Amino acid sequence: MDSTALRCDVLIVGGGPAGLSVAATLPDDVSTIIVHQDHEIGLPIRTSGGCWMQDVVRLGIPEGMYIRLDVSEAFSDTAHTVIPMGDAVPVILDTPKLYKWLAQQSDHKDRRLLLGTKFLTTRQREDGLYESKIRARGAGHDTVISTYIVDGSGWHFAVLEALGLARKPARLAVGTEYEYPMGQNAPNRGVIFFGSKVPAGYGWAFGTAHGTLRLGVGVIQPDTDKSPREMLDAVVRDQPYLDRLGLTLEGEPMVHSGILPSVAYDEQLVFGNVIRVGDSANFATPTVGEGIRVCIDLGRMLGVQLGKAVRTGRNGPLRTYERKCRRQLKRDYKWGFLVNTRAARYKPADWDRSVRRMGMLGSEAVVATLRGEFPPAKIARIMLSLLRPYLRARLKRLRSRFGRV
Ligand SMILES: Cc1cc2nc3c(=O)[nH]c(=O)nc-3n(C[C@H](O)[C@H](O)[C@H](O)COP(=O)(O)OP(=O)(O)OC[C@H]3O[C@@H](n4cnc5c(N)ncnc54)[C@H](O)[C@@H]3O)c2cc1C
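Residues numbered from 1 in each chain as written. Predicted model: local features only at pLDDT ≥ 70, side-chain atom pairs only at ≥ 80, totals over all residues. Heavy atoms only, no water.

S.K.: Describe the pattern of salt bridges, naming the residues involved and giving the relevant values.
M.R.: Evaluation of the coordinates by the stated rule reveals 26 salt bridges. Across the pair arginine 214 and glutamate 179 runs a salt bridge, and its minimum N-O distance is 2.9 Å. A residue pair is termed long-range when its members are at least 10 positions apart, and arginine 214 in strand S15 (residues 212-221) and glutamate 179 in strand S12 (residues 172-181) qualify at 35 residues. The residues arginine 214 and glutamate 179 share a single accessibility class, namely buried. Ionic pairing is found between aspartate 238 and lysine 197, a salt bridge with its closest N-O pair at 2.8 Å. Here aspartate 238, found in the loop between helix H5 (228-237) and helix H6 (239-245), pairs with lysine 197, found in the loop between strand S13 (189-193) and strand S14 (201-207); they are 41 residues apart in sequence, far enough to count as distant. Owing to a relative accessible area of 23%, aspartate 238 belongs among the partly exposed residues under this scheme. Connected through shared salt-bridge partners, Asp55, Arg58, Glu290, Arg293, Asp297, Arg371 and Glu373 make up one network. (Salt bridge = Lys/Arg side-chain N within 4 Å of Asp/Glu carboxyl O. Helix = DSSP H or I, 4+ residues; strand = E, 2+ residues; numbered from the N terminus. Buried < 20%, exposed > 50% of the residue type's maximum accessible area, 1.4 Å probe, protein only.)

See the structure below:
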């Protein structure tokens, strides 16, 4: 046995919102090691941070870590609409601040956060414990012996792949963002654009909590073989297009890029003492790839259930985590994935129709689609609102025919 090995009850791989939220709700005395390959929590930025006011309030995210969007507009090649949001308020999270705050939630616990440290591989020993190899940048290998491992490594699926439990997803949403000074742009305005500039994806622009403007493009690969950066560069070079979106770009931008899985929801989250959470469990909504609020919510729930499992030595609580996630996500993500695969094939003319329709639909339908929520009653109302113009036209035709008879 390796006497220099680090030991803990729970090894968490990945210090993103999912892994950090698990650590935050584990009981104080459950010993935890988080290995995170980046040198700082929350940096580099790999996400846009779009969320909703109702969720930041529910999750207790402090003010100052987000900015609200008061107006959101959608553009396609020939259509433009102000998106009806009703009472829903979109916000943009300051993710470096937020993720550091999430990390602080477990600072007082029996927890070690190893930054700049990569999880390499793991194996289950005969005594059932996991022996994992990690490497700090510029240093040698280390060994971690743990009872449980949480895969919070995002699209890397680092633990699941190492153990042959699941393969890295073949279909990915890949995004690039440029961040500019705010300049003349309205800080509380959000823009989303579709069509010929962003085949198999969409673009966005919004103000951030620290007074900058982010302009980005995300696409699904391999549905398109073009990179989001090529598309974003084409947008940035096209001054008339920027004018139409109402955007002014100044100075040299900072560049951010990120990847997330874009595959159907897989309900298996627990593999003995190995559990997945966050993007490695495909938690981001299939409609627009919004994952942060879901990762925090379900990550916190996993921390509680895993704490019970560590205390009792039984894995029943982990099954509860898996079941609750299934209940919360399975149906919505099935519908959402249908929307995702359909939209990825849309031609510019389809987007023109969609953007026009977005302006005519009620806010309930639009917000439900953006949030990736499709309860049956909502679907029925959305279908009715889509069918209403058709039914009205048909009724009119019948009336005029009846009138002639
Ligand atoms: C371009 C883009 C835009 C997005 N926009 C939004 C948005 O507007 N709103 C929203 O809610 N969501 C958005 N998302 C999705 C959201 O970012 C993710 O759902 C969320 O970050 C997932 O959190 P996570 O903790 O599971 O994984 P991650 O955030 O990916 O964190 C995992 C961490 O693990 C680390 N890691 C990986 N492998 C190892 C290893 N072997 N060893 C050690 N560390 C490792 C990684 O460096 C990473 O930092 C976006 C995603 C992308 C790519």
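Moving on from the model shown.
S.K.: A description of helix H7 (residues 292-312) should follow, citing residues and the corresponding values.
M.R.: Here H7 contains 21 residues, and its C-alpha end-to-end distance of 30 Å stays within 8% of the 30 Å for a straight helix at 1.5 Å per residue. Just downstream of H7 lies glycine 313, where phi reads positive at about 75 degrees. (Expected span 1.5 Å × (residues − 1).)

S.K.: Go over the nonpolar core with me, naming the residues and quoting the values.
M.R.: Of all hydrophobic cores here, the largest spans 48 residues; its most connected members are Ile61, Leu98, Phe283, Leu306 and Tyr321. Those elements that place two or more of their residues in this core are strand S1 (6-13), helix H1 (17-25), helix H2 (53-58), strand S7 (90-93), helix H3 (95-104), strand S11 (141-151), H7 and helix H8 (316-344). Considering each element in turn, this core owes the most residues, 9 residues, to H7. Each of domain 1 (6-45 + 96-169 + 265-338) and domain 2 (50-93 + 171-261) accounts for three or more of the residues forming this core. Phenylalanine 283 has contacts with Tyr265, Leu269, Val277, Gly278, Glu290, Val294, Cys295, Leu298, Tyr321, Cys325, Leu329 and Tyr333, leaving out every residue within four places of it along the chain. Membership of the second largest hydrophobic core comes to 23 residues, among which are Ile92, Ile192, Phe194 and Tyr202. (Core = buried A, V, L, I, M, F, W, Y, C linked by side-chain atoms within 4.5 Å. Domains from an automatic or database assignment. Contact = heavy atoms within 4.5 Å.)

S.K.: A description of the state of the cysteines should follow, citing residues and the corresponding values.
M.R.: Applying the stated criterion across every chain yields a total of 0 disulfides. Cysteine 51 takes part in no disulfide bond, and the closest cysteine sulfur to it belongs to cysteine 295, at a distance of 11 Å. When its relative accessible area of 3% is taken as the criterion, cysteine 51 is described as buried. Here cysteine 325 stays free of any disulfide, with the sulfur of cysteine 295 as its closest cysteine sulfur at 10 Å. (Disulfide = S-S within 2.5 Å.)

S.K.: Explain the environment of threonine 117 to me, and be specific about the residues and the numbers.
M.R.: Here threonine 117 shows up in strand S9 (residues 117-124). Note: C-alpha distance between threonine 117 and arginine 135 (18 residues apart in sequence) is 5.4 Å. Excluding its chain neighbours within four sequence positions, the residues that come into contact with threonine 117 are Val35, His36, Gln37, Ile134, Arg135 and Ala136.

S.K.: Explain the sheet that holds strand S4 (residues 66-68) residue by residue, including any values.
M.R.: Taking strand neighbours across the sheet as the criterion, the 3 strands line up as S3-S7-S4 in an open arrangement whose pairing is antiparallel. Only two strands of the sheet have a single partner each, and these edge strands are strand S3 (50-52) and S4. Geometrically, the sheet is characterised by an average inter-axis angle of 35 degrees between neighbouring strands, direction not taken into account. By the bridge criterion, 3 bridges tie S3 to S7 in an arrangement that is antiparallel. Among the inter-strand pairings, tryptophan 52 is bridged to a residue of S7, identified as proline 90. (Pairing = 2+ DSSP bridges. Axes fitted to C-alpha atoms, helices over the stretch in contact; angles between N-to-C directions.)

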